[in-house]
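What follows is the residue order along each chain.
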Amino acid sequence: MSNVSLDLNAEEAAFQAQVAAIEKEWQNPRQAHLKRPYSAKSIAALRNTIPITYPSSLQGDKLWNILKTHLANGTCEKTFGTTEPTVVSQMVKHQQTVYVSGALCGLSEVQHPGCDHADYPWDTVPKVVEKIFKAQLFHDQRQHQFRMRHSIEEREKLEKYDFMAPIIADGDMGFGGLTTTVKLAKLFVEAGVAMIHLDDLAIGLKKFTVGEGRTVVPTSEYLSRLTAVRMQFDVMGTNTLLMCRCDTDRSQFITSTIDPRDHEYIIGATKDLDPLVEYVAQGMAEGKPYVQARDEWKSQAGLMTFDQAVKEKATEEEYQQYASKAIAYGISLKQKRRIAKEVVKEDVVFDWELPRTKEGQYMWKPSVKTIVERAVLVAPLGDMTWARMDAPVWKDIVEFHTEVRKVYPDRMFAFGFTGMYNYEAAGFTQEQIVSFSDDMAKLGIVWQVQPIWSVAGLNITAEKFARDWKNDGIAGYIETISKPSRAPPIVDGFHKLSYAGSYLADAFFAVVAGEKIVP
Ligand SMILES: C[C@](O)(C(=O)O)[C@H](CC(=O)O)C(=O)O
């Protein structure tokens, strides 16, 4: 039974046309760098039967052109994070893009604020993107209407801004299984985002505190996440950009050992002792603090990777023989053990189950090499790459970007000036700090973000005004806010010409009343 007349030929022809259109889109220079593990046919079958277009796609193209121009010029876009449309309306005067930070959303857009553990509801960041995008459309509309009320000669004297700065947003770790990631990607596109970034962190285990550290997922899971987003963008037919962020730097745990590509970096105990969780439970029952019990166990466990354990037991010659066969991308622990048995006389004791945490994580040894491997592997699914680093180690920054560029010379990169960077402590001179952005731009880092300016930045502004208002009242307001906001370059305030959009409201009344055309 059906409620439409069934024309199977027309249905098949429409489907084949859709497949052909998708194949063509994928060959377009804008998409030629992408490689999908699925077919155009699978995507066509997942599409709706009516055509739907999204502004997100236009914004994606716009962002692509902005960043490609920076890449060609060896320059970069420097932006910052906000959740506030008011801030966006001003930053577009100086920035070409806007960042919606998950950390900020977690602080100011939820009922229960908290440090950035990405523990807010999965639709929090897309909703903020939607709020900002709609505000951008409003400012774009009011400016356009205002300009069109003026003659061409008059317009020359008016300020003009591009309010539609592409929005880059934090997709965190995708918030769960593949279906959540798909829904997240869809909501972002519908909200008007130009690019999202997705990382390889484990849900619920993003840490910024002193307890147990940050946890990544296996390479295979990271790949699936990014593929899920790419698939959803393809289903929606958008040119929205995907940034592959990798958080392996400084991560201390991995959720599973399922992927041999991760085995080189998983840490085991090389001593025969009780499992960490049992030792800690026992210690705590005896009244020891958790951290003390944990550290005691760690100091006795002989923690290292399997390759290091082999090195400890082998002669120099045996190790060279072992390394030539066993240290290569994707060699599993099982294969490594077999090779060690063949070439090393002594038994290699190694157990990666013993150090597992109460939540089941395995211990992990991060390195620039792992980040490079992950970044290179997933690069064809995305448009940009970001190696998130807690601390600015210049040598690591150079190594990472140089290595990835050996494989993908045209790759565009992002960088976040994250957390509590202490440049002096990291050995940077004042000169190096000043030229840091430009130096990074030369490595292809075309999008650079200070994600959390709003915390200290807005607080400083608010605290200052709160003090001035208490002390000086309206006299102070007039001097420090009202007058400067009217002087050029105009910082939008409530006055008729700007932010509030009074002219737009007037236009609605005039048009409804039958006004023909202005000026
Ligand atoms: C960029 C980031 O994802 C964010 O949410 O803004 C955070 C910021 C931070 O922790 O300082 C991150 O880098 O993880």
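Residues numbered from 1 in each chain as written. Predicted model: local features only at pLDDT ≥ 70, side-chain atom pairs only at ≥ 80, totals over all residues.

An unreviewed UniProt entry lists the protein under the name Isocitrate lyase, with Bionectria ochroleuca as the source organism. Quoted straight from UniProt, the Sequence similarities (unreviewed entry) entry for the protein says "Belongs to the isocitrate lyase/PEP mutase superfamily. Isocitrate lyase family." For the record of the protein, the UniProt heading Catalytic activity (unreviewed entry) holds the text "(2S,3R)-3-hydroxybutane-1,2,3-tricarboxylate = pyruvate + succinate". (UniProt positions renumbered as here; feature names shortened; annotations may be inferred.)

Engineer: Give a description of the overall build of the protein that names residues and reports values.
Structural biologist: Helices and strands together make up the secondary structure of the protein, namely 19 helices and 13 strands. If you line up the protein on its principal axes, its C-alpha atoms span 95 × 75 × 50 Å. Relative to its 519 residues, the protein shows a buried fraction of 35%. Here the contacts in the protein between residues at least 6 apart in sequence split such that 76% fall between residues at least 24 apart. (Helix = DSSP H or I, 4+ residues; strand = E, 2+ residues; numbered from the N terminus. Buried ≥ 20, exposed ≤ 12 C-beta atoms within 10 Å, placed from the backbone. Contact = placed C-beta atoms within 7 Å.)

Engineer: Account for the site of the ligand, naming residues and giving values.
Structural biologist: Of all residues adjacent to the ligand, which total 12 residues, the nearest are Ser101, Gly102, Ala103, Thr418 and Pro451. Considered class by class, the residues forming the shell around the ligand number three nonpolar, six polar and three charged. (Near = placed C-beta within 6 Å. Nonpolar A, V, L, I, M, F, W, Y, C, P; charged D, E, K, R; others polar.)

Engineer: Go over the sheet that holds strand β6 (residues 241–246) with me, naming the residues and quoting the values.
Structural biologist: As summarised here, the arrangement of the eight strands in space is β1-β13-β12-β11-β6-β4-β3-β2, forming an open sheet in which the pairing is parallel. At either end of the open sheet lies a strand with only one pairing partner, and these are β1 (77–80) and β2 (98–100). Averaged over neighbouring strand pairs, the angle between their axes works out to 25° when direction is ignored. Helix-sheet contacts for helix α3 (residues 55–73) involve β1, β3 (167–170), β4 (195–198), β6, β12 (412–416) and β13 (445–450), and the interaxial angle to β13 is about 110°. Running over the sheet, helix α9 (residues 219–236) touches β4 and β6 and is turned about 175° from β6. (Pairing = 2+ DSSP bridges. Axes fitted to C-alpha atoms, helices over the stretch in contact; angles between N-to-C directions.)

Engineer: Explain the domain arrangement of the protein to me, and be specific about the residues and the numbers.
Structural biologist: Segmenting the protein into domains produces domain 1 (1–51), domain 2 (52–140 + 168–252 + 366–451) and domain 3 (269–347). Its residues assigned to classes, the side of domain 1 that touches domain 2 shows seven nonpolar, one polar and four charged. (Domains from an automatic or database assignment.)

Engineer: I'd like a description of the pairing of β4, backed by residues and values.
Structural biologist: Side-chain alternation along β4 places Met195 and His197 on one buried face and Ile196 and Leu198 on a second face that is also buried. Traced from β3 through helix α8 (residues 178–191) to β4, the parallel crossover comes out right-handed. In terms of strand pairing, β4 meets β6 through four bridges, oriented parallel. The residue bridging methionine 195 from the neighbouring strand is leucine 241, located in β6. (Right-handed = clockwise from strand over helix to strand, strands pointing away.)

Engineer: Help me get a handle on the nonpolar core, residues and values and all.
Structural biologist: Judged by nonpolar contacts, the single largest core of 97 residues is most densely connected at Val100, Val129, Ile167, Val193, Leu242 and Cys244. Element by element, the count of residues in this core is highest for α9, at nine residues. No fewer than three residues from each of domain 2 (52–140 + 168–252 + 366–451) and domain 3 (269–347) sit in this core. Those residues within four positions of valine 129 in sequence are excluded, and the remaining contacts are Val100, Ile167, Ala169, Phe188, Ala191, Gly192 and Val193. (Core = buried A, V, L, I, M, F, W, Y, C linked by C-beta atoms within 7 Å.)

Engineer: Please set out the sheet that holds strand β5 (residues 215–216) residue by residue, giving values where relevant.
Structural biologist: Overall, mixed pairing links the five strands, which are arranged β5-β7-β10-β8-β9 in an open sheet. Two strands close off the open sheet at either side, each with one partner strand: β5 and β9 (304–305). Pairing between strand β8 (residues 266–268) and strand β10 (residues 362–364): two bridges, direction antiparallel. In the sheet register, isoleucine 267 faces β10, and the bridge partner there is methionine 363.

Engineer: Let's hear about the environment of cysteine 246: which residues, and what values?
Structural biologist: Position of cysteine 246 relative to the elements: it lies in strand β6. Excluding its chain neighbours within four sequence positions, the residues that come into contact with cysteine 246 are Asp199, Asp200, Ile371, Arg374, Ala375, Ala387 and Arg388.

Engineer: I'd like to hear about the pairing of strand β11 (residues 384–387), residue by residue, with values.
Structural biologist: Of the two faces of β11, both are covered, the one formed by Met384 and Trp386 as well as the one formed by Thr385 and Ala387. Of the pairings in the sheet, the one linking β6 to β11 comprises four bridges and is parallel in character. When the sheet's bridge partners are listed, arginine 245 is paired in β11 with tryptophan 386. With three bridges joining them, β11 and β12 adopt parallel strand pairing. Each bridged residue has a counterpart across the sheet, and for tryptophan 386 the counterpart in β12 is alanine 414.

Engineer: Describe the packing of helix α15 (residues 368–378) against helix α16 (residues 394–407), and please don't skip the residues or the numbers.
Structural biologist: Think of two packed helices as two axes; the pair is described by the angle between the axes and how far apart they sit. Two elements in contact, α15 and α16, have axes separated by 10 Å at closest approach and are oriented at 30°. In this structure, α15 crosses over α16, and the sense of that crossing is right-handed. Between α15 and α16, the residues in contact are Val368, Ile371, Val372, Ala375 and Val376 and Asp396, Glu399, Phe400, Glu403, Val404 and Val407, respectively. Counted by class, the contact of α15 with α16 contains eight nonpolar, no polar and three charged residues. (Left-handed = near helix turned anticlockwise from the far one by under 90°.)

Engineer: I'd like a description of α8, backed by residues and values.
Structural biologist: With 14 residues, α8 should reach 20 Å at 1.5 Å per residue; the first-to-last C-alpha distance of 20 Å fits that figure. Within α8, the full set of buried residues consists of Thr181, Leu184, Ala185, Phe188, Val189 and Ala191. Along α8, the residues classed as buried sweep out an arc of 165° about the axis, all on the same side. Contacts made by the buried residues of α8 are with α3, α6 (124–148), β3, β4 and α9. A positive backbone phi angle near 105° is found at glycine 192, which sits one or two residues after α8. (Expected span 1.5 Å × (residues − 1). Arc of directions from axis to C-beta.)

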